[in-house]
Amino acid sequence: MQTQQLSINTDLEVKIEGNKIYAPLKSKWLTATPEEQVRQNYIAILVNQYGFALQQMDQEVKVSNSQRGQGKARADVVIYRSEEDRKNKKKAIVVVECKAQNVNVRQEDYFQGYNYARWAHADFFVTTNEKETKFFKVVEEHTERFDEIVELPTAKDFSSDKKIQELLTKTKEFTRDEFSKLLIKCHNIIRNNDKLSPEAAFDEISKILFMKIRYERQQSVSQAKFSEKRFVELKNADLDIRGKNPAIPFYQYLFEQTKTAFADDDLFDPNDSLRIRENSFLQIVRELEKYNLSDTSDDIKGIAFEEFLGRTFRGELGQFFTPRTIVDYMADVLDPQEGEIICDPCCGSGGFLIKAFEYVRDKIERHVQAVKEEIKKEFYTDEYDKLSDKEQAVIDQQVQKHFDALNEELNLNNTNGRLRRLSYDCIFGTDANPRMARTAKMNMIMHGDGHGGVHHHDGLLNVNGIFDGRFDVILTNPPFGARVEKSLHVTANDLPSVAKIDLYNKRYDNYEEVAVNQLRDHIDKPILDLFTVGQYSGLTEVLFMERCINLLKPGGRMGVVLPEGVLNNSALQRIRELFESRAKLINITSIPQDVFIASGATVKPSLVFLRKFTDDEAAKYSNIVAEETSRVNDIYATQLADLDKEYAAKRADLKLIKDKAGVKTLDKEHHDTRRVIEDQVIEEVKQAVKTRFNYPIPMVEVEKAGISSTGAKIENELEDVAKEYRTYRLANKLWDNKYQGVEYVIPDSGELSRILMGEELPVYQTARRISAENFI
């Protein structure tokens, strides 16, 4: 087939003036809604990067097979093989579905784009929100299947059947694998060129990734990538600013700017620099330049980065990586909610924090989408279809305005948005290993953010918003087998600066009173003195158990990976009793030792879940202990009094005859006899308390947890266990959901607003409530 030659606009620029944006396909100015900006930006990309001509494209093409109750269905952008085909409405080649930048592309959007593409008989469809763009081939015979491909063909490609076929075979999995291999290639460049160890080479890769992310996040133009060409341009421009003989090379200067940008995160030592040659730096920039880390799909770069981490840190640092099947199960069991504050005080590579972030983000996104569907039902009634085009357009504008408001809920730059609150106010973590703290931050950025609350710090000490009584949910895998020595003290360096105390006082309730004063009161004292269990044990897993319970709010819940010895070692009985006096066990899951062998662990682990006593439960427990202690003491009081009376008389007689040896023997016998009775009292009190404060503890043992001793994927029984446990804990109300959820209202003013579920409106205001399942 002959392809019509078109004049290509290779320098199409997006024009915005005030709240208007120019639409070249319509030859007029439109309101610059977030979705319209995405559409016009992508049209510019189709022209400038893919070589399509404006003459072969159409915008907002009405689709005739749309469903009732959905309003007027229009394909955002349709590309035809030629201008003639466009004019004659012949078969299309590509359909593009656009969403606002902060709205994640969801399954419903794939169906929508797919249906539009099938209607237009297109070969490909695209979904984009600028942050992530996904490409699909249209599979006519499978309406429920989406075949995602790695890239959209260019205008030139459409003249070559061979090129089209090649692109059709590159799947999404190929893209993930490609990115992971690329990171490994960059790692090897440093190892070969600069002779650094694998861990040191990883540090340099991290620095460059942070530099790339900083640059690409600051760019306002879509798809602006940190490339070798851009680096040279910036370097040449820098000559006019810093001169021909600057104090440090330009690539080191860029890293200094990156250190400044992330200064609040304490990621880099003030004296840190890039430890590689400039040619190595440029090689890596060149390799990475095809990916914009600000708009590459989170699931591509996130999973690829995790695979890269796994290959890089096998062995020595394997303990910092909790297998994904375990992370998923523990999050499913604790079921974190929107608004809950979540922490991992020894976060390693950030696996638990990433899962918690994604878990809650998904709930928020699904709720926003459900609210949109309710708005459609509200506005697109049977009456809508009877209206004139002009009247329908007015309603369409109202719906779009409400959708724009909902989209802002998912905008990380909207300080009042739901996703912003999750990312910046609800996710916290620390790790004492500086490499792991940096890795956790990078890992979270790769998965869509939430990194702001992660710090390089001793997890046993307060930092930022991590202090006692702050958290609703804790997920953690503390270090096993290590010990905190009595000689390790809290020092003045552990105190935050005056500026940070000022900042955090404004951000957190009772910050200085609780977080700072605890440290001040223990300056030059052992860290062990911060913990009750510190007088019995210095084991890190034991100390972190108490640390986590302290960090929880009353009623807060936690999941922790522990060696089974903590549960059954008789030497730790006193410590177990201490924890049981402050929290309820809500699940114990025993997993095979194989799960952690690939990470270098040699002990059999269990997954232990607890819920800290509520204030009422703590008071009830204390009262029971006091009552039973008094009752049992009364039972043994006469026996002890008689024992003491008999002992006193015998001792007096022995002293009269100056039998020192007899006195010594009698003293020991009395002490031992009394100790037996006192131990009996303690034991009876314990049993009585357990009887009165009794509750069932769900326990399960699985033989297959999704990963073998070699790290291979196998059957995962934890998935079914998690489902069964959810049914059990809801039926038995193991904890209360303190967070009401949200709903939306459209008041007389017409501006959609968010309120707490069930919240009363002011008496002078009437509004339509738009409620949807809150995915709790």
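Please refer to the structure higher up on the page.
Analysis parameters
Residues numbered from 1 in each chain as written. Predicted model: local features only at pLDDT ≥ 70, side-chain atom pairs only at ≥ 80, totals over all residues. Heavy atoms only, no water. Helix = DSSP H or I, 4+ residues; strand = E, 2+ residues; numbered from the N terminus. Buried < 20%, exposed > 50% of the residue type's maximum accessible area, 1.4 Å probe, protein only. Contact = heavy atoms within 4.5 Å. Areas by Shrake-Rupley, 256 points an atom, 1.4 Å probe, with all protein chains shown as cover. Pairing = 2+ DSSP bridges. Axes fitted to C-alpha atoms, helices over the stretch in contact; angles between N-to-C directions. Lys, Arg positive; Asp, Glu negative; His and termini not counted. Salt bridge = Lys/Arg side-chain N within 4 Å of Asp/Glu carboxyl O. Polar contact = N/O pair within 3.5 Å; in protein donor to acceptor, adjacent residues only side chain to side chain. Phe/Tyr/Trp six-rings, centres within 6.5 Å; stacked < 30°, edge-to-face > 60°. Lys NZ or Arg CZ within 6 Å of the ring centre and 35° of its normal. Parallel < 35°, antiparallel > 145°, perpendicular 65-115°, else oblique. Left-handed = near helix turned anticlockwise from the far one by under 90°. Nonpolar A, V, L, I, M, F, W, Y, C, P; charged D, E, K, R; others polar.

Once that is clear, we can look at the overall build of the protein chain. Helix and strand counts for the protein chain come out as 24 helices and 22 strands. Burial status across the protein chain gives 51% buried among its 776 residues. The contacts of the protein chain with a sequence gap of at least 6 include a subset with a gap of at least 24, amounting to 70%. Accessible area of the protein chain: about 37,100 Å², with a carbon and sulfur share of 48%.

Spatially, the 3 strands line up as an open sheet ordered E1-E2-E3, and their pairing is antiparallel. If you trace the sheet from one side to the other, it starts and ends with strand E1 (16–17) and strand E3 (28–31), each paired once. Across 2 bridges, E1 lies against strand E2 (residues 20–23) in antiparallel orientation. Within E2, the residue paired with Glu17 across the bridge is Lys20. Of the strands in this sheet, E1, E2 and E3 are in contact with helix H1 (residues 34–48), which crosses E2 at around 35°.

Assignment of secondary structure puts Asp431 in strand E11 (residues 427–431). As a buried residue without a salt bridge, Asp431 has its nearest oppositely charged side chain in Arg435, at a separation of 10 Å. Here Asn433 takes part through its backbone nitrogen, which lies 2.9 Å from a polar atom of the side chain of Asp431.

Excluding glycine, residues mostly have negative phi values, and the peptide bonds linking residues are mostly trans. One non-glycine residue, Ser27, lies in the positive phi region at around 55°. Judged by relative accessible area, which is 55%, Ser27 ranks as exposed. The residue Asp335 is not glycine, and still its phi comes out positive at about 50°. Note on placement: Asp335 falls in the loop between helix H11 (324–334) and strand E10 (342–344). Given the relative accessible area of 1%, Asp335 is considered buried.

Another point: the sheet that holds strand E14 (residues 552–563). Ordered in space as E12-E11-E10-E13-E14-E16-E15-E17, the 8 strands form an open sheet in which the pairing is mixed. Taken across any chain shown, the strands that pair with only one partner, and hence form the sheet edges, are strand E12 (454–456) and strand E17 (699–701). Strand-to-strand twist in this sheet, taken as the mean axis angle between neighbours without regard to direction, amounts to 15°. Pairing analysis gives 3 bridges linking strand E15 (residues 583–590) to E17, with the strands arranged parallel. Looking at E17, one finds that Ile588 is bridged to Met699. Strands E11 and E12 of the sheet are contacted by helix H15 (residues 434–446), whose axis makes an angle of about 160° with E12.

What follows concerns the packing of aromatic side chains. Scanning the model with the defined rule gives 25 aromatic pairs in all. An angle of 85° between the planes, with centres 5.8 Å apart, marks the rings of Phe124 and Phe158 as edge-to-face. Here the residue Phe124 occupies a position in strand E7 (residues 124–128), and Phe158 occupies one in the loop between strand E9 (147–149) and helix H4 (161–168), the gap between them amounting to 34 residues. Take Phe158: its relative accessible area is 8%, and that puts it in the buried class. Ring geometry for Phe210 versus Phe268: centroids 5.7 Å apart, planes at 90°, classification edge-to-face. In this pair, Phe210 sits in helix H6 (residues 198–218) while Phe268 sits in the loop between helix H8 (250–261) and helix H9 (278–288), placing the two residues 58 residues apart along the sequence. Per residue, the accessibility class of Phe210 equals that of Phe268, and both read buried. The rings of Phe428, Phe467, Phe471, Tyr504, Tyr508 and Tyr511 are connected pair by pair, giving a single aromatic cluster. One Lys or Arg, Arg470, reaches over the ring of Phe428 and ends 5.0 Å from the middle of that ring. Directly above the ring of Tyr695 sits Lys584, whose terminal nitrogen or CZ lies 5.2 Å from the centroid.

With that settled, consider the pattern of salt bridges. Scanning all chains against the criterion turns up 49 salt bridges. Salt-bridge contacts for Lys89 lead to Asp58; the nearest nitrogen and oxygen are separated by 2.8 Å. With a gap of 31 residues between them, Lys89 in the loop between helix H2 (83–87) and strand E6 (92–98) and Asp58 in strand E4 (residues 57–62) connect regions that are remote in the sequence. Residue class for Lys89 comes out exposed when judged on its relative accessible area of 52%. Assessed through its relative accessible area of 13%, Asp58 is described here as buried.

Packed helices, taken two at a time, are described by the angle their axes make and the gap between the axes. Between helix H22 (residues 615–656) and helix H23 (residues 660–692), whose axes approach to 9 Å, the crossing angle comes to 165°. Relative to H23, the element H22 is oriented roughly antiparallel. At the point where H22 passes H23, the crossing takes the right-handed sense. Class assignment of the residues belonging to the contact of H22 with H23 gives a composition of 16 nonpolar, 7 polar and 11 charged.

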